[in-house]
Amino acid sequence: MEDSEEDELLNLSLSVAADRERKKKGKVIREHKNVSMSSATTTTTRTNSYESYEGKIFRLLQMREQMLRQDHRRKGVVEDGNGLPLIHLLLSTATAVDDNNLDSSLENLTDLYQTVSLTGDSVQRVVAHFADGLAARLLTRKSPFYDMLIGEPTTEEEFLAFTDLYRVSPYFQFAHFTANQAILEAFEREEERNNRALHVIDFDVSYGFQWPSLIQSLSEKATSGNRISLRITGFGKSLKELQETESRLVSFSKGFGSLVFEFQGLLRGSRVINLRKKKNETVAVNLVSYLNTLSCFMKISDTLGFVHSLNPSIVVLVEQEGSRSTPRSFLSRFTDSLHYFAAMFDSLDDCLPLESAERLRIEKKLLGKEIKSMLNNVDVDGVDCPKYERMETWKVRMENHGFVGTKISSKSMIQAKLLLKMRTHYCPLQFEEEGGGGFRVSERDEGRAISLGWQNRFLLTVSAWQPV
């Protein structure tokens, strides 16, 4: 969506919020008048109110079930060809949910479920997942309906969706290949004193998909008489994930006899006392889409402090790109998330047909999960936690923790362009800062960062850092 459209949506949210505030004031007055009711009447009213609430939720879920059974594109929804009426309704719903206006929230959600479809166009599909996230926000996590709306995928389902997106879109490969190139160049700069040993500390090993390309690149530099040692310390979500990752990477590395490979798996949150650093080895820290998964700024600060204490040769930071600098309110974070995921869903048009089973799996088990998590992401004090911040915000944060940005090489830019040329199917590529349609790559911050974008929206940004 264009910036003018974003302004229009924000103006709409202000007017809707004002209307909700007037309704809330009226509600307070009515409640005040009822203070003198008898205890028995009050109990009856509360019981009826609870039954009415449960009944409304149940009817809403029935409407949602009808939406899920739709196997065709709903007609007449996108009246002007760009989906703005549907987006306006979604934003109005978000405002009502944020104001705790139950009646308006349920009414709008019902309208949404009547007009969206998981097999419609990209706008209908992304709005359907946002509607689920908003509906879940009306419930407590103990509600029997909460899990039904959130619909957490199994580990196997999430892995398949991740694999599908990795295969068909340049999204993950751009992040991994660009990060690996920066790590490889850091190793090469220290080759005379690092005993040809590289130690990568990956804070989210995520199935290990990033590392085969680095293993192959290092093996091309190694010989039988001059071997290279690569050790990866990877943090994972579960022991099973770590075991499968280790098995996959060890098996792959066996095809390269001149490379000595070792993997050490650690559970996320493990207290790291000794990372078994070898003398003079090049240490690279890999922070690919990890920091924004932390639940609060304090944990981000603690992590960056720990990374600085390791004195690495390079820290590679990859984060999804937001359009605002640290949005504070739920509505601003909601709008920012909507812009981001609308671009993600739209970009899949370039990768897979609408009716593709792989596309549906990616949207439902990966992107949909992230949307719902985004809208229901609160810390222990019940405060919403912002995610997907601007590159400039991460830059300030890194500098405040004792890091300085380093230049991304021209080879990384060339490699990124080549990747997009191989992975883009229908839309023309754009390599300029002012982009047009399709995927594009942009050099930013005077060459210290590279971003992958879709049309006029940045999706991912890769930057490299060194401790001061």
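Just so you know, the residues in each chain are numbered from 1, in the order the chain's sequence is written. This being a predicted model, a pLDDT of at least 70 is required before a residue's local features are given, and a value of 80 or more before pairs of side-chain atoms are given or counted; all residues contribute to the totals for chains, interfaces and linings. Neither water nor hydrogens contribute to the side-chain values; these are computed over all heavy atoms in the structure.

Student: How should the overall build of the protein be read in this particular structure?
Tutor: Each helix is a run of H or I in the DSSP string that is no shorter than four residues. Each strand is a run of E no shorter than two, and both are numbered from the N terminus. What the protein contains, in helices and strands, is 15 helices and nine strands. Between buried and exposed lies partly exposed: a residue is buried under 20% and exposed over 50% of the maximum accessible area for its type, with that area taken using a 1.4 Å probe on protein chains only. Within the span of the protein, comprising 468 residues, buried residues form 52% of the whole. Contact definition: two residues touch when any of their heavy atoms are within 4.5 Å. In the protein, of all internal contacts separated by at least 6 residues, the share reaching a separation of at least 24 is 75%. A total accessible area of about 21,700 Å² is found for the protein, and carbon and sulfur atoms account for 51% of it. Only the protein chains shown count as cover for residues, and all accessible areas are computed by the Shrake-Rupley method using a 1.4 Å probe.

Student: Please clarify how the pattern of salt bridges should be interpreted in this entry.
Tutor: Once the charged atoms of two side chains with opposite charge are near each other, the side chains can pair. By convention in these notes, a salt bridge is any Lys or Arg side-chain nitrogen within 4 Å of a carboxyl oxygen on Asp or Glu. Counted according to the given criterion, the structure contains 26 salt bridges. Lys-56 is the salt-bridge partner of Asp-103, the closest N and O atoms lying 2.7 Å from each other. One end of the pair, Asp-103, is in helix H4 (residues 102-115); the other, Lys-56, is in helix H2 (residues 39-68), with 47 residues separating them in the sequence. Judged by its relative accessible area of 46%, Asp-103 is partly exposed.

Student: What is the right way to look at empty space enclosed by the protein in this model?
Tutor: Unoccupied space between atoms shows up once a probe the size of one water molecule is rolled over them. Here the term cavity refers to a set of points on a 1 Å grid, laid over the protein atoms alone, in which a 1.4 Å probe fits but cannot get out; the term pocket refers to an open set having protein on both sides within 12 Å along at least five of seven lines, with lining residues being those that place an atom within 4 Å of a point. Grid points are joined across faces, edges and corners, and a volume is the space filled by probe spheres set on the points. Considering all chains together, one arrives at one cavity of 30 Å³ or more under this definition. Approximately 110 Å³ is the volume attributed to the largest cavity. Residue lining of the largest cavity: 14 residues in total, with Leu-317, Met-391, Trp-394, Thr-461 and Ser-463 positioned closest to the centre. Every element with two or more residues in the lining of the largest cavity is listed here: strand S5 (314-320), helix H14 (391-400) and strand S9 (457-467). Side-chain classes are defined by residue name, with Ala, Val, Leu, Ile, Met, Phe, Trp, Tyr, Cys and Pro counting as nonpolar, Asp, Glu, Lys and Arg as charged, and the others, Gly among them, as polar. Grouping the amino acids of the lining of the largest cavity by side-chain chemistry returns five nonpolar, three polar and six charged.

Student: Can you help me understand the environment of Gly-133 in this one?
Tutor: Mapped onto the secondary structure, Gly-133 falls in helix H5 (residues 122-137). By relative accessible area, which is 0% here, Gly-133 ends up buried. The sequence separation of Gly-133 and Leu-149 amounts to 16 residues, and the corresponding C-alpha distance is 7.4 Å. If near-sequence neighbours (up to four positions away) are discounted, Gly-133 is found in contact with Lys-372, Leu-375 and Asn-376.

Student: Hey, could you run me through helix H9 (residues 211-221) in this one?
Tutor: Within an α-helix, residues lying three or four positions from one another point in the same direction, as the helix has 3.6 residues per turn. Taken residue by residue, H9 has Trp-211, Leu-214, Ile-215, Leu-218 and Ser-219 as its buried positions. For H9, the arc enclosing every buried residue in end-on projection is 135°, short of the 170-degree limit, so these residues lie on one face. Next to the buried residues of H9 lie helix H8 (170-189), strand S1 (197-202), strand S2 (228-236), helix H10 (239-253), strand S3 (259-267) and strand S4 (282-288). The arc under discussion is defined with respect to the helix axis, by the directions toward the C-beta atoms.

Student: How should the packing of aromatic side chains be read in this particular structure?
Tutor: Aromatic ring pairs are reported here in terms of the distance separating the ring centres and the angle at which the planes meet. We call Phe, Tyr and Trp rings a pair once their centres come within 6.5 Å, taking the six-membered ring for Trp, and we label the pair stacked below 30 degrees between planes, edge-to-face above 60, and tilted otherwise. Tallied over the entire structure, the rule returns 19 aromatic pairs. Chaining the aromatic ring pairs together yields one cluster made of Phe-159, Phe-162, Tyr-166, Tyr-171, Phe-172, Tyr-207 and Phe-209. Note on criteria: charge over ring means Lys NZ or Arg CZ within 6 Å of the ring centre, with the direction from the centre no more than 35 degrees off the ring normal. Here the guanidinium or amino end of Arg-444 rests over the ring plane of Phe-458, the centre of that ring lying 3.9 Å away.

Student: Looking at this structure, how should I read the side chain of Arg-359?
Tutor: Note that Arg-359 resides in helix H13 (residues 357-375). The contact partners of Arg-359, leaving out residues within four places of it in the chain, are Ser-122, Arg-125, Phe-345, Leu-348, Asp-349, Leu-352, Pro-353 and Leu-354.

Student: Explanation requested: unusual backbone geometry in the structure shown.
Tutor: Leaving glycine aside, a negative phi is the common case for residues, and trans is the common case for peptide bonds. A positive phi is found at Asn-280, a non-glycine position, where the angle reads about 65°. Within the secondary structure, Asn-280 sits in the loop between S3 and S4. By relative accessible area, Asn-280 is classed as partly exposed at 46%. Positive phi, close to 50°, is recorded for Ser-289, a residue that is not glycine. With respect to the helices and strands, Ser-289 occurs in the loop between S4 and helix H11 (297-309). Look at Ser-289 and you get buried, because its relative accessible area is 19%.

Student: Before we go on, may I ask you to explain the packing of H5 against helix H12 (residues 330-347) in this structure?
Tutor: Relative orientation and spacing of two packed helices are given, respectively, by the angle between their axes and the distance between those axes. At a minimum axis distance of 9 Å, the contact between H5 and H12 shows a crossing angle of 145°. In terms of crossing hand, the pair formed by H5 and H12 is right-handed. Side by side, H5 and H12 meet where Ser-122, Arg-125, Val-126, His-129, Phe-130, Leu-134 and Arg-137 of the first sit next to Phe-330, Arg-333, Phe-334, Ser-337, Leu-338, Phe-341, Ala-342, Phe-345 and Asp-346 of the second. Simply put, an axis is a line fit to the C-alpha atoms, just over the touching stretch for a helix, and the angle between two N-to-C directions goes from 0 to 180 degrees. Definitions for this section: a left-handed crossing has its near helix turned counterclockwise from the far helix by less than a right angle. A right-handed crossing has that turn clockwise.

Student: I'm lost on the pairing of S3 in this one. Help?
Tutor: Both faces of the sheet carry side chains from a regular strand, because those side chains alternate between them. By this definition, two strands are paired if DSSP reports at least two bridges between them. Note: S2 against S3, nine bridges, orientation parallel. In the strand pairing of S3, Thr-233 is matched with Gln-264. Handedness rule for crossovers: strands pointing away from the viewer, path from the first strand over the helix to the second running clockwise, crossover right-handed. For the segment spanning S2, H10 and S3, crossover handedness is right-handed.

Student: Got a minute to help me understand the confidence of the model for the protein in this structure?
Tutor: As a note on interpretation, predicted positions should not be read in detail where pLDDT is low. Per residue, pLDDT captures the predictor's confidence, and it can take any value from 0 to 100. Scored by pLDDT, the protein has a mean of 82; 79% of the residues are at 70 or more. Taken together, the stretch residues 1-47 has pLDDT below 50 and engages in 41 contacts with residues farther than four places along the chain or on a different chain. Note that pLDDT drops below 50 for residues 75-80; the model gives that stretch eight contacts with residues more than four away or on any other chain.

Student: What is the right way to read the side chain of Asn-292 from this model?
Tutor: Structurally, Asn-292 can be placed in the loop between S4 and H11. We classify Asn-292 as buried; its relative accessible area is 6%.

Student: Can you walk me through the nonpolar core in this structure?
Tutor: A general trend in soluble globular proteins is that nonpolar side chains are found buried together. Membership of the largest hydrophobic core comes to 102 residues, with the highest contact counts inside it found for Leu-230 and Phe-334. Per element, the largest residue contribution to this core is ten residues, and it comes from H8. Segmentation of the chain into domains, including their bounds, is taken from an automatic or database domain assignment. If you count residues domain by domain, this core takes at least three from each of domain 1 (56-65 + 83-151 + 327-376) and domain 2 (164-322 + 388-467). With sequence-adjacent residues up to four places away left out, Leu-230 is seen in contact with Leu-198, Val-200, Leu-214, Ile-215, Leu-218, Leu-259, Val-260, Phe-261 and Glu-262. Remark: nonpolar core denotes a set of buried residues (Ala, Val, Leu, Ile, Met, Phe, Trp, Tyr, Cys) joined through side-chain atoms within 4.5 Å. Ile-201, Leu-294, Ile-300 and Leu-310 belong to the second-largest nonpolar core, a separate cluster that totals 20 residues.

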